[in-house]
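# Remarks on the overall topology
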Amino acid sequence: MNIQRWIARRQPRWNELNALLKKAERQGLKSLKAEEIRQLASLYRSVSADLARARTNQVGEVIIHDLQTLTTRGYSQIYQGSRRQEWQAVLEFYQWGFPAAVQQASGYIALAVALFIFAGVVSWWLAWRDPTSHGIDGAG
């Protein structure tokens, strides 16, 4: 593998990932457009593969360090997010999402409750009518 040619061919993708990460780090991941998020994920995977290739082919500590830094920053943006945002999302779900889901499924919930009550009434009625369930065995 010609290391200089490989670096020259891959460098634009590394720079592009760096630019997207800077924007996400400054303004938050939500500031990116959908296409930029797809591009960020694609570039992250590509740079992760480049890091593995660089380590395997021993292209130099500086390049490996730079790629490691890029992949670490990419991982942080893609997978970790903010813990505060996660709790805020959970609270918003229970405030708005869960009630909306219950309201949307109210017909199914009512049907399930009705079937449950019906089964309970039938079971009680059958148990009440069965003489063996009252300790009466019919032998007098």
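None of these values were measured; they are calculated from a predicted model. (Residues numbered from 1 in each chain as written. Predicted model: local features only at pLDDT ≥ 70, side-chain atom pairs only at ≥ 80, totals over all residues. Heavy atoms only, no water.)

## Section: helix α1 (residues 3-27)
Test applied: In this description a helix means any DSSP run of H or I spanning at least four residues, a strand means any run of E spanning at least two, and both kinds are numbered starting from the N terminus. Take the number of residues in a helix, subtract one, and multiply by 1.5 Å to get its expected span. A residue's bend is given by the angle between axes fitted to the 7 residues ending at it and the 7 residues starting at it. For each residue, the accessible area found with a 1.4 Å probe, counting protein chains only, is set against the maximum for its type, and the residue is called buried under 20%, exposed over 50%, and partly exposed in between. Only heavy atoms enter the contact rule, under which two residues are in contact if any of them lie within 4.5 Å.
Helix length check: α1, at 25 residues, gives a terminal C-alpha distance of 35 Å against a target of 36 Å (1.5 Å per residue), a fit within 8%. Most pronounced at Arg 10, the bend in α1 amounts to some 40°, and the proline Pro 12 follows within four residues. Listing the buried residues of α1 in full gives Trp 6, Ile 7, Arg 10, Trp 14, Leu 17, Leu 20, Leu 21 and Ala 24. The elements touched by buried residues of α1 are α2 (34-57) and α3 (61-80).

## Some words on the side chain of Ser 46
One can find Ser 46 in helix α2. Ignoring anything within four residues of it in the chain, the contact list for Ser 46 reads Arg 10 and Arg 13.

## With respect to the packing of α1 against α3
The test is simple: Lines fitted to C-alpha atoms define the axes here, with helix axes fitted over just the stretch in contact, and angles between the N-to-C directions of these axes take values from 0 to 180 degrees. Left-handed describes a crossing whose near helix is turned anticlockwise from the far helix through less than a right angle; right-handed describes the clockwise counterpart. Residue type decides the class: Asp, Glu, Lys and Arg count as charged, Ala, Val, Leu, Ile, Met, Phe, Trp, Tyr, Cys and Pro as nonpolar, and the leftover types, Gly among them, as polar.
Two elements in contact, α1 and α3, have axes whose closest approach is 10 Å; the angle formed by their N-to-C orientations is 35°. Judged by the sense of rotation from one axis to the other, the crossing of α1 with α3 is left-handed. Side by side, α1 and α3 meet where Trp 6, Ile 7, Trp 14, Leu 17, Asn 18, Leu 21, Lys 22, Ala 24 and Glu 25 of the first sit next to Ile 63, Leu 67, Leu 70, Arg 73, Gly 74 and Gln 77 of the second. Grouping the amino acids of the contact of α1 with α3 by side-chain chemistry returns nine nonpolar, three polar and three charged.

## Looking at the pattern of salt bridges
Where charged atoms from two side chains of opposite charge approach closely, those side chains can pair. Basically, it comes down to this: A pairing counts as a salt bridge when a side-chain nitrogen of Lys or Arg comes within 4 Å of a carboxyl oxygen of Asp or Glu.
If you walk through the whole model with that rule in mind, you get five salt bridges. Notably, a salt bridge pairs Arg 73 with Glu 25, separated by 2.9 Å at the nearest N-O pair. Highlighted residues: Arg 73 in helix α3 and Glu 25 in helix α1, separated in sequence by 48 residues. In this structure, Arg 38 and Glu 35 form a salt bridge, with 3.4 Å as the shortest nitrogen-oxygen distance. You can see Arg 38 and its partner Glu 35 sitting in helix α2, three residues apart, about one turn around the helix. Using a relative accessible area of 53% as the deciding quantity, one classes Arg 38 as exposed.

## Examining α3
Residue pairs spaced three or four apart in an α-helix point in one direction, given the helix's 3.6 residues per turn. Compared with the 28 Å implied by 1.5 Å per residue over 20 residues, the 27 Å span of α3 between its first and last C-alpha is a close match. Of the surrounding elements, those touching the buried residues of α3 are α1 and α2.

## Topic: the nonpolar core
Quick note on the threshold: We call a set of buried residues a nonpolar core when its members are Ala, Val, Leu, Ile, Met, Phe, Trp, Tyr or Cys and they connect through side-chain atoms within 4.5 Å of each other.
Residues Trp 6, Trp 14, Leu 17 and Leu 67 are the most contacted members of the largest nonpolar core, which totals 18 residues. Elements that contribute at least two residues to this core include exactly α1, α2 and α3. At seven residues, the largest contribution of residues to this core is made by α1.

Worth remembering: the numbers are spatial, not functional.
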